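Overview (structure and organization)
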Amino acid sequence: MAPEQSNKLLSQEATARILVVDDEPRLVSSLASLLRGCGYDVTEANGGKHACELIATQQFDLALLDLRMPAVDGFAVMAYLENQQPECGSIVISGESSFTAVSRALRRGALDYIRKPFDPEELIATVKGVVGKQSLLKAHEYIQVRLEKSEALHRYIVNSSPDIVFMLDAEGHFCFINSKVESLLGYKPVELCGRHFRHILDDRDVARGIYALNAPDISADNPRTLEIRLKTRGSRRATRHFEITAFPIDPQSWTHNSRTQGGGSGQNASYYGTARDVTERKEAEAFINFQAYHDLLTRLPNRALFKDRLELAITHARRERQKLAVMFLDLDRFKVINDTLGHAMGDRLLQAVTQRLESCLRKGDTLSRFGGDEFTLLLPSIHSNEDASQIARKLIKTLKAPFVLGEHEVFVGVSIGISIYPEAGDTMDQLIQNADIAMYNVKARGKDSYRFFSESMSVDSTNRLHLERDLRLALERGELRVFYQPQVCAATDRIVGLEALVRWQHPERGLLYPRDFLGLAEETKLISRLSEQVLDQACRDVGQWIRAGHQDLRLAVNLSPVEVEHPRFVETLMDRVNANRFPPGNLEIEITENVIMNDLEQISQKLRELADLGVRIAIDDFGTGYSSLNYLHRLPIHTLKVDQSFVKAIRSGVDDACIVNAIIAMAHGLKLEIVAEGVETDKQLEYLRTLGCHQVQGFFYGPAQPATDISKLLALTTVPTAVPG
């Protein structure tokens, strides 16, 4: 090419005419300013309609456009541009990242795809590269027009081409290859000349390459184009992807010239071809495909890929008359850790859990992340239910050891539901759904275990769905009721406290007790809303009695583990107390030993904060959990509630009540108050009085009652007994 022609191309590249299209004026202005600063001639278009009007009247070298625009979107602009100015290239700048949108844009001729928000340096580099390629392509077209008349022009294309240019003899040996092969694949041109082209083909593509070159319909007017993998020098594994275009030529028509850079002269050439490196495009396509079918955090198959594999496994199992298992795994205590330590630590925990789970699997099993802290596992070709049981036990065991996240040591468990094909279903949806039902059945029975699906669970699940729906409506309609059970001074028979207990006035099933719905409230994350309503009502009722003259009356409320373990527990509780103008010194919260021991460090801090604000702490169901003297001594605990199972053991003999004796003696030693639950007879009451038990509650003084009945009791000097001695 003449120097003046080369300078002309460089000038065209520097002053390329660029059309910027977007429906956000500020973004259009910002992009235009950025490109003008690099010397480009920029025209602004506000929206697709405006862009089409400009395309109809002006010529452009490149268009930068958004896909999602009202009225006329980016795809319509690209189609109009292709029709009016086919020489003009386009780059998509869009927030749309779906595989379908990206693929469609590339098929429509987009030269590149930049995702919003974009990096200015990356955008400028992309534009510069595309404009440069556009200029090179125009030069390439200009040269090809004169190729038949000028050997010099052909030399320019071969020597400066970004692609590998090669010639083969009739047997497929290289008789010419340009120097680009060295920078792309590491081979010197001279060492390839005389060797068969299969020498650089990836072993997996040798047959395809030979067949393509020998196809009967290949000609100069109908060249053969295919994507193929080529090996780099020195490694059979290091391959790059190329788009090969080749066609036969007449050896007599080829003019040989030794000044062409590369190896060989082209003598005896029977095929001419080019090889364009498309590795980056193939890798981008592979990554987009990976994103579509995998979870990027854990690198596991996602829900879509799991379902595809399950469908195939069911087809195979049906044909071979085999069994397969689907497991639904839900991590226990993950939400608490995620809320306490933050999402970054939660992500690290999910990655660590994934590694442990994968270590338990067989080759051919598929573990997927179904969403959040839920996983699914496909076990194809199992012989019996015991095969699935063994895997489930291994999964539970591997997660028992603590996970170290930075300075924190955390514990998680896993609840596993299992459905077996074909007993638990013969379709993909049935197997997944029934494994899910079995998993919830595990959670309802204590977590950190596994269960196989059975038909009875399906009935339970249906009832559970109906009850969940009713509970959500109950919270909206105000169907919850607060009953109170008096806590009575054992010495004076005066009411000193009231334990708030929730009841549900179901419109069809009547009055429901906590055992009928509290477990469901915790599973469905409704427990916080439920507790908030109960606490508000209790604070209003008891606060009214306190202001009416019962200044020392104590309100005792039970709190679920979900509430206590929440990072904002103290703040949330005190917000409710203050909103109802309830004196913190009259509030006593009841928690179980197990809640404390699940995370002693965090719970201890929360209890100290509450104690500093005047709130009293009671240990509920004492004696049924860890019963550690260490935590009793360390924590700001005011009251121990003796579980009713121990109180029931009080009969005629002293030996039957030895546990009660020990608990009360220990409480006296630690200077803690004692409340005995489940007192039903005068013998139990007298025995507790002789031991020095401070307070009692139970059916001896009547069941939990609504606020109207409690008001009448408070008006009396002492509490009448409901059960005769």
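The paragraphs below set out a description of the structure included in this document. (Residues numbered from 1 in each chain as written. Predicted model: local features only at pLDDT ≥ 70, side-chain atom pairs only at ≥ 80, totals over all residues. Heavy atoms only, no water.)

**Focus on the pairing of strand β3 (residues 62-65)**
Every second residue of β3 is oriented toward a common face, with L62 and L64 on one face and A63 and L65 on the other, all of them buried. In this structure, strand β1 (residues 17-22) lies alongside β3, joined through four bridges in parallel fashion. Within the sheet, the bridge partner assigned to V20 lies in β3 and is L64. Pairing of β3 with strand β4 (residues 89-94) involves four bridges; the strand directions are parallel. Counted as the bridge partner of L65 is V92 from β4. With respect to chirality, the unit in which β3 leads through helix α4 (residues 74-84) into the neighbouring parallel β4 is right-handed. (Buried < 20%, exposed > 50% of the residue type's maximum accessible area, 1.4 Å probe, protein only. Helix = DSSP H or I, 4+ residues; strand = E, 2+ residues; numbered from the N terminus. Pairing = 2+ DSSP bridges. Right-handed = clockwise from strand over helix to strand, strands pointing away.)

**Brief notes about the nonpolar core**
Ranked by internal contacts, the top residues of the largest apolar core, which has 78 residues, are Y484, L555 and I589. Broken down by element, the residue count for this core peaks at nine residues, all from helix α19 (residues 527-547). In this structure, A325, M345, L367 and L377 belong to the second largest nonpolar core, which totals 32 residues. (Core = buried A, V, L, I, M, F, W, Y, C linked by side-chain atoms within 4.5 Å.)

**What about the side chain of Q487?**
Assignment of secondary structure puts Q487 in strand β18 (residues 480-489). At a separation of 3.2 Å, a polar atom in the side chain of Q487 contacts the side chain of R554. (Polar contact = N/O pair within 3.5 Å; in protein donor to acceptor, adjacent residues only side chain to side chain.)

**Description of helix α12 (residues 303-320)**
Since the α-helix advances by 3.6 residues per turn, residues separated by three or four positions end up pointing in the same direction. Its 18 residues place the ends of α12 25 Å apart at the C-alpha level, agreeing with the 26 Å of an ideal helix rising 1.5 Å per residue. Inspection of α12 places L305, F306, L310, A313, I314 and A317 among the buried residues, and these make up the whole buried set. On the buried face of α12, the contacting elements are α11 (279-293), β11 (323-332), β12 (366-371), β13 (374-382), β16 (413-421) and α16 (428-444). At the N-terminal boundary of α12, the capping side chain belongs to N302, with an oxygen 3.2 Å from the backbone nitrogen of A304. The first or second residue beyond α12 is R321, which carries a positive phi of 55 degrees. (Expected span 1.5 Å × (residues − 1). Contact = heavy atoms within 4.5 Å.)

**Some remarks on the packing of aromatic side chains**
The relative placement of two aromatic rings is captured by the distance of their centres and the angle of their planes. A full pass over the atoms with the stated rule returns eight aromatic pairs. On the basis of an interplanar angle of 40 degrees and a centroid distance of 5.6 Å, the ring pair of F247 and Y272 is categorised as tilted. Within this pair, whereas F247 is found in strand β9 (residues 239-248), its partner Y272 is found in strand β10 (residues 271-277), the two being separated by 25 residues in sequence. Summarising the aromatic geometry, the rings of F306 and F370 are spaced 6.3 Å apart at their centres and angled 85 degrees between planes, so their arrangement reads as edge-to-face. Taken together, the positions of F306 in helix α12 and F370 in strand β12 put the pair 64 residues apart, joining distant regions of the chain. Each member of the pair F306 and F370 is classed as buried. Members of the aromatic cluster, each reached through a chain of ring pairs, are F306, F328 and F370. R104 extends its terminal NZ or CZ atom over the ring of F75, reaching a point 3.8 Å from the ring centre. (Phe/Tyr/Trp six-rings, centres within 6.5 Å; stacked < 30°, edge-to-face > 60°. Lys NZ or Arg CZ within 6 Å of the ring centre and 35° of its normal.)

Purely geometric numbers; function is a separate question.
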